[in-house]
Amino acid sequence: MKIPLKSRKTPSKLICHVNPKSPISEAYRTLRTNIQFVGGPKKIHLLMITSAVPGEGKTTTVTNLAIVMAQAGKRVVVVDGDLRKPAIHRIFRLPNHVGLTSLLRQEVQLSDAVQNIPLIGFDVVPSGPVPPNPTELLSTETMRELLERLKDQYDIVLLDTPPILPVTDSQVLAAYVDGVLLVLQSGKVLIEQAKKAKALLDHVGANVIGSVLNNKKVDRDSYYDYSHD
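Now for a quick tour of the structure.

What counts as what
- Residues numbered from 1 in each chain as written.
- Predicted model: local features only at pLDDT ≥ 70, side-chain atom pairs only at ≥ 80, totals over all residues.
- Heavy atoms only, no water.
- Salt bridge = Lys/Arg side-chain N within 4 Å of Asp/Glu carboxyl O.
- Helix = DSSP H or I, 4+ residues; strand = E, 2+ residues; numbered from the N terminus.
- Buried < 20%, exposed > 50% of the residue type's maximum accessible area, 1.4 Å probe, protein only.
- Phe/Tyr/Trp six-rings, centres within 6.5 Å; stacked < 30°, edge-to-face > 60°.
- Pairing = 2+ DSSP bridges.
- Right-handed = clockwise from strand over helix to strand, strands pointing away.
- Axes fitted to C-alpha atoms, helices over the stretch in contact; angles between N-to-C directions.
- Contact = heavy atoms within 4.5 Å.
- Core = buried A, V, L, I, M, F, W, Y, C linked by side-chain atoms within 4.5 Å.

Turning next to the pattern of salt bridges. For the structure shown, the criterion picks out eight salt bridges. Asp 82 serves as the salt-bridge partner of Lys 58, at 3.5 Å between the closest nitrogen and oxygen. With Lys 58 in helix α3 (residues 58-71) and Asp 82 in the loop between β2 (76-80) and α4 (88-91), this pair connects stretches of sequence that are 24 residues apart. Residue classification places Lys 58 among the buried residues on the basis of a relative accessible area of 8%.

The structure is reproduced here in structure tokens:
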């Protein structure tokens, strides 16, 4: 179903849509390019985005990455796999009474849970009602099969998941995806926390393709220095 963004005001977190020529938007396009080539012949189709601790900007990274991928002509779906503190539906102002949890409980069909964002050009599967047993729901074969179905229908599936350190949900989901992107916020996450998050992902055999250093202060005049010979 198609649910357009309210026309009065686009959410400010969607910088790649609001201001596609900004340095931040350019950084997301660079991230998009890096993801496209990181897998070599084996492309990344199922990508999980997580963080070490709460509040590091993983959901902002997911949504803006989805925007730049859609701008490049990719068929994109964002899945809110954070069944504890979901945020995707709030960013896009979507109803959340049907979503991932409804699918995992086999209460609805996939088409009932997918919501289209026509002004931006990609689909969203919100979390659905918050369940009492998130880890148990996510660790089912139904979850794995759902991601495989989405992989067949889209060029890229972006899975937003809870932070690694507080709960085990992301470790469970890491086994289902082609790659994991770890978002770390400069000045917030401790080095020991980042190392522990990486170790927990390694422990379950996750393919950590890289990390995003978020909220790093960069001098505007030096932003383009990387392109100079």
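With that settled, consider the packing of aromatic side chains. Under the defined criterion, the tally for this structure stands at one aromatic pair. Between the aromatic rings of Phe 92 and Phe 122, the centroid separation amounts to 5.6 Å while the plane-to-plane angle is 85 degrees, which identifies the pairing as edge-to-face. One end of the pair, Phe 92, is in the loop between α4 and α5 (100-104); the other, Phe 122, is in strand β4 (residues 122-125), and 30 residues separate them in sequence. Comparing Phe 92 with Phe 122, the two get one shared label, buried.

Attention shifts here to the pairing of strand β7 (residues 208-214). With six bridges connecting them, strand β6 (residues 179-185) and β7 associate as parallel partners. Its bridge partner being in β7, Leu 184 is matched across the sheet by Leu 213. Handedness of the β-α-β unit built from β6, helix α10 (residues 191-203) and β7 comes out right-handed.

Turning our eyes to something else, we now look at the sheet that holds strand β5 (residues 156-160). Pairing in this open sheet of seven strands is mixed, and the strands run β3-β4-β2-β5-β1-β6-β7 from one edge to the other. The strands lining the two open edges of the sheet, one partner per strand, are β3 (115-117) and β7. Across this sheet, the average inter-strand angle for adjacent strands is 25 degrees, counted without regard to direction. This element, helix α8 (residues 141-153), spans β1 (46-51), β2 and β5 of the sheet and lies at about 140 degrees to β5. The strands touched by α10 within the sheet are β1, β6 and β7, with β6 carrying the most contacts at an inclination of about 170 degrees.

Counting residues in each nonpolar core, the largest one holds 37 residues, and the members touching the most others are Met 48, Val 79, Leu 100, Val 125, Met 143, Val 157 and Leu 159. In contact with Met 48, not counting residues within four places along its chain, are Leu 159, Thr 161, Ser 170, Leu 173, Ala 174, Val 177, Gly 179, Val 180, Leu 181 and Leu 201. Counting residues in hydrophobic clusters, the runner-up holds 31 residues, among them Tyr 28, Ile 67, Val 76 and Ile 120.

Turning to unusual backbone geometry, a few remarks are in order. Note: most residues except glycine have negative phi, and most peptide bonds are trans. Even without a glycine there, the phi angle at Arg 93 is positive, about 55 degrees. Looking at the secondary structure, you find Arg 93 in the loop between α4 and α5. At Gln 106, a position not held by glycine, the phi torsion is positive, near 60 degrees. Within the fold, Gln 106 resides in the loop between α5 and α6 (110-113). With a relative accessible area of 62%, Gln 106 lands in the exposed category.

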